[in-house]
Amino acid sequence: MNEYNGKNAVITGGGSGIGFATAKLLADGGARVVITGRSRATLDAARERLGGNAVAVRSDVASLTDLDALADRVKGELGTVDALFVNAGIATLTPFGATTEEAYDELFAINVKGAYFTVQKLAPLLNTGAGVVLTTSVANVVGISDTSGYAAGKAALRSMARSFSRELLPRGIRVNAVSPGPVDTGALDATMTEEAAERFKAERVADNPMRRFGTPDEIARAAAFLAFDATYTTGAELAVDGGATQL
Ligand code: NAD
């Protein structure tokens, strides 16, 4: 119950889905948690459900000004950080022939540049022994229709887990990636038509060896394992995907 007492965590995109489930797991276990996101209403609702161990900060990962302000706020609220979950992301899925420059730039600004500078700006606050966890995706190791931009961005994060690991190792900080399979968090519904989202989800379940979606909590437990318990693991990617990339 008090497994994370005295620990401090920052979770980008912590107001919903996988990020929220991770914030709940850690806050329930006694950690102090800063969650971020773009929607004030979502953040307020999440903070309410997380209780007194949580602080919700409106911060856009695509804005370096926001990330600088976030680092200042985290320093004021928590002092130092034991777990950084770089989780904020969008899933814009289109056939590559139909991807607009605007959609491509937005995807990379949030999912790739956002993750890169989140780690850069918060790294000075990380304690010795801290764990950074980047959220990648099964899409970075298998070819799934309509995911070309998203998958390429997640492959970039997979690569960052290795190079950040090397640079942060002298400070005793580990960097790993958690790679979720399909989790029905509503992210797809926000970016696709209802019909396209239903078709895409049905295909993912049919393809999956376990024939089901994962739950946000199943990803959260893996992220917490990588952040706190995987003390001899760095630069790795943990697939939490019902076997989708393994069987
Ligand atoms: P979600 O939409 O519930 O969570 C994404 C969060 O990121 C939201 O809280 C959103 O507000 C936040 N966010 C988006 N853009 C932001 C920005 N510019 N600045 C700050 N916050 C921002 O969806 P989720 O499924 O929980 O996704 C979490 C992560 O998991 C994402 O990186 C996603 O790519 C990844 N992922 C999800 C699945 C899945 O099937 N759901 C599979 C593989 C990977």
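How each quantity is defined
- Residue indices follow the written sequence of each chain, beginning from 1 at its first position.
- With the structure being a predicted model, the display of local features is reserved for residues of pLDDT at least 70 and the display and counting of side-chain atom pairs for 80 or more, all residues being used for whole-chain, interface and lining totals.
- Based on all heavy atoms of the structure, the side-chain values leave hydrogens and waters out of the count.
- Consider each residue's heavy atoms; a residue with any of them within 4 Å of a molecule or strand counts as near.
- Here a polar contact is taken to be a pair of N or O atoms separated by no more than 3.5 Å, where protein atoms must pair a possible hydrogen donor with a possible acceptor and residues adjacent in sequence count only if both atoms sit in side chains.
- Where accessible areas are quoted, they stem from the Shrake-Rupley method and a 1.4 Å probe; at the residue level, only the protein chains shown are allowed to cover.
- Two kinds of site are reported from a 1 Å grid over the protein atoms alone, namely cavities, where a 1.4 Å probe fits but cannot get out, and pockets, open sets with protein on both sides within 12 Å along at least five of seven lines, and residues are called lining when an atom falls within 4 Å of a point.
- Each molecule is checked against the cavity or pocket grid, and it sits inside if more than half of its atoms lie within 2 Å of the grid points.
- Note on conventions: DSSP H or I runs of at least 4 residues are helices, E runs of at least 2 residues are strands, and numbering of each starts at the N terminus.
- Residue polarity is assigned by list, with Asp, Glu, Lys and Arg as charged and Ala, Val, Leu, Ile, Met, Phe, Trp, Tyr, Cys and Pro as nonpolar; anything else, Gly included, falls into the polar class.
- We count a salt bridge whenever a side-chain nitrogen from Lys or Arg sits within 4 Å of a carboxyl oxygen from Asp or Glu.
- Partly exposed describes any residue whose relative accessible area lies between the buried limit of under 20% and the exposed limit of over 50%, with all areas from a 1.4 Å probe on protein chains only and scaled to the type maximum.

Visitor: Hey, could you go over the site of the ligand for me, with residue numbers and the actual values?
Guide: Close to the ligand lie 25 residues, the nearest being Ser16, Asp60, Tyr150, Val183 and Thr185. Contact distances for the ligand include 2.7 Å between a nitrogen atom and a side-chain N or O atom of aspartate 60. Take asparagine 87: an N or O atom from its main chain is 2.8 Å from an oxygen atom of the ligand. Calculation on the ligand without its partners gives an accessible area of 820 Å², and the protein chains cover 89% of this total. The cavity where the ligand resides is the largest pocket. Residue assignment for the shell around the ligand shows that the elements contributing at least two residues are helix 1 (17-28) and helix 5 (148-168). Looking at side-chain class alone, the shell around the ligand contains 10 nonpolar, 12 polar and 3 charged residues.

Visitor: Outline the pattern of salt bridges, listing residues and values.
Guide: Applying the stated criterion to the full structure yields 10 salt bridges. Close ionic contact of glutamate 198 with lysine 201 constitutes a salt bridge, the shortest N to O distance being 3.9 Å. Within this pair, glutamate 198 and its partner lysine 201 are both found in helix 7 (residues 194-207), separated by 3 residues, close to a single helical turn. Assessed through its relative accessible area of 42%, glutamate 198 is described here as partly exposed. Residue classification places lysine 201 among the buried positions, given a relative accessible area of 8%. Between glutamate 203 and arginine 204 there is a salt bridge, with its nearest N and O atoms 3.8 Å apart. Among the residues examined, arginine 204 registers a relative accessible area of 12% and is labelled buried. Salt bridges sharing common partners tie together Asp184, Glu198 and Lys201.

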